[in-house]
Amino acid sequence: MVVGSEDFKKALQLWASGVAVVTSHSEKFGVRGMTVTAFSSVSAEPPQILVCVNQSADTGENIDQNQRFAVNILNANQQEVSNNFSGGSSQEERFANAAWHTGSTGVPILDDSIMSMECKVIEKVRAGTHWVIIGEVQEASCRSGEPLLYFRSHYRQLADAAD
């Protein structure tokens, strides 16, 4: 028997994770971005990651057009950026309210994120309501700061700064 969606969501609230914003750019749609809850490393050789994007999200449509995307891991002070990219505002507003620049592969990079990875799509798999998009990392940038965390439907920060 398959667990119900409410029980599934309740269980996933107990998974503490960093907060990621996926961004992309295409000639057809311009810049697009969204906060995602599913991001993971896949392989070190070759360097690959995955993100899960709802099939109805316009950011996924943009990734399809350009076959490139970036994952930006937010810093502890970027709660508003996460909320902004979570929906409710237009793509234009999302990028107008966040400091960003164009990365070396042509995708938007959020300036204050603690880490950004620019990727080329190598595989896309349908899974329920989402696409699992696997990308090969072309560029990686690490910056100072502490991560923004999400646990039990609330933003959190590390209690002790780790070196």
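As shown above, the structure is provided for reference.
Because the structure is a prediction, the values reported are computed rather than measured. (Residues numbered from 1 in each chain as written. Predicted model: local features only at pLDDT ≥ 70, side-chain atom pairs only at ≥ 80, totals over all residues. Heavy atoms only, no water.)

Asks: Explain the sheet that holds strand 1 (residues 17–18) residue by residue, including any values.
Replies: Strand order across the open sheet formed by 3 strands is 1-11-12, with antiparallel pairing between neighbours. The open sheet terminates on both sides in strands that have one partner only, identified here as strand 1 and strand 12 (154–156). Direction of pairing for strand 1 relative to strand 11 (residues 149–151): antiparallel, over a ladder of 2 bridges. Bridged to Gly-18 within strand 11 is Leu-149. (Pairing = 2+ DSSP bridges. Helix = DSSP H or I, 4+ residues; strand = E, 2+ residues; numbered from the N terminus.)

Asks: Pulling in residues and values, what's your account of unusual backbone geometry?
Replies: With an omega dihedral of -5°, the bond running from Glu-45 to Pro-46 counts as a cis peptide bond. Topologically, Pro-46 is positioned in the loop between strand 4 (39–43) and strand 5 (48–54). Positive phi values are uncommon outside glycine, yet Ser-153 reaches one of about 65°. As for its position among the elements, Ser-153 is in the loop between strand 11 and strand 12.

Asks: Tell me about the packing of aromatic side chains, and name the residues and values.
Replies: Per the counting criterion, the structure on display carries 3 aromatic pairs. With a centroid separation of 5.3 Å and an interplanar angle of 75°, the aromatic rings of Phe-95 and Trp-100 are classed as edge-to-face. Each ring, one from Tyr-150 and one from Tyr-155, has its centre 5.3 Å from the other, and the planes form 70°; the classification is edge-to-face. Every member of this aromatic cluster is reached through a ring pair, and the members are Phe-85, Phe-95 and Trp-100. Looking at Lys-124, its charged tip hangs above the ring of Trp-131, at a distance of 4.0 Å from the centre. (Phe/Tyr/Trp six-rings, centres within 6.5 Å; stacked < 30°, edge-to-face > 60°. Lys NZ or Arg CZ within 6 Å of the ring centre and 35° of its normal.)

Asks: How would you explain the nonpolar core if you had to name every residue and give the values?
Replies: Counting 20 residues, the largest nonpolar core has Val-22, Ile-49, Val-51, Phe-69, Val-71 and Ile-133 as the members making the most contacts within it. Among the elements of the structure, strand 2 (20–26), strand 3 (30–36), strand 5, strand 6 (68–73), strand 9 (115–127) and strand 10 (130–142) are those that each provide at least two residues to this core. A per-element tally of this core places strand 9 first, with 4 residues. Residue contacts for Phe-69: discarding those within four places in its chain leaves Val-22, Thr-23, Ile-49, Val-51, Ile-63, Val-107, Met-117, Glu-118, Cys-119, Val-121, Ile-133 and Gly-135. By size, the runner-up hydrophobic cluster in this structure holds 9 residues, among which are Val-19, Val-81, Leu-110 and Leu-148. (Core = buried A, V, L, I, M, F, W, Y, C linked by side-chain atoms within 4.5 Å. Buried < 20%, exposed > 50% of the residue type's maximum accessible area, 1.4 Å probe, protein only. Contact = heavy atoms within 4.5 Å.)

Asks: Before we move on, could you go through the pairing of strand 4 and cite the residues and values that matter?
Replies: Here is the key point about a regular strand: its side chains alternate between the two faces of the sheet. Of the strand pairs in this sheet, strand 4 and strand 5 are connected by 4 bridges, and their pairing is antiparallel. Counterpart to Phe-39 in the pairing with strand 5 is Val-51. Remark: 4 residues form the turn of the hairpin made by strand 4 and strand 5, two consecutive strands paired antiparallel.

Asks: Go over helix 2 (residues 58–66) with me, naming the residues and quoting the values.
Replies: Among the residues of helix 2, Thr-59, Gly-60, Asn-62 and Ile-63 are the ones counted as buried. One face of helix 2 carries all of its buried residues, which in axial projection span an arc of 155°. Once helix 2 finishes, Gln-67 follows within two positions and takes phi at roughly 60°, a positive value. (Arc of directions from axis to C-beta.)

Asks: Tell me about the state of the cysteines, and name the residues and values.
Replies: Counted under the stated rule, the structure contains 0 disulfides. Sulfur of Cys-119: no disulfide; nearest cysteine sulfur belongs to Cys-142 and is 13 Å away. Residue classification places Cys-119 among the buried positions, given a relative accessible area of 0%. (Disulfide = S-S within 2.5 Å.)

Asks: Can you break down the side chain of Gln-48 residue by residue, with the values?
Replies: Tracing the sequence through the fold places Gln-48 in strand 5. Residue classification places Gln-48 among the buried residues on the basis of a relative accessible area of 15%. For Gln-48, the contacting residues outside a window of four places in its chain are Ser-41, Val-42, Ser-43, Ile-122, Ile-134, Gly-135 and Glu-136.

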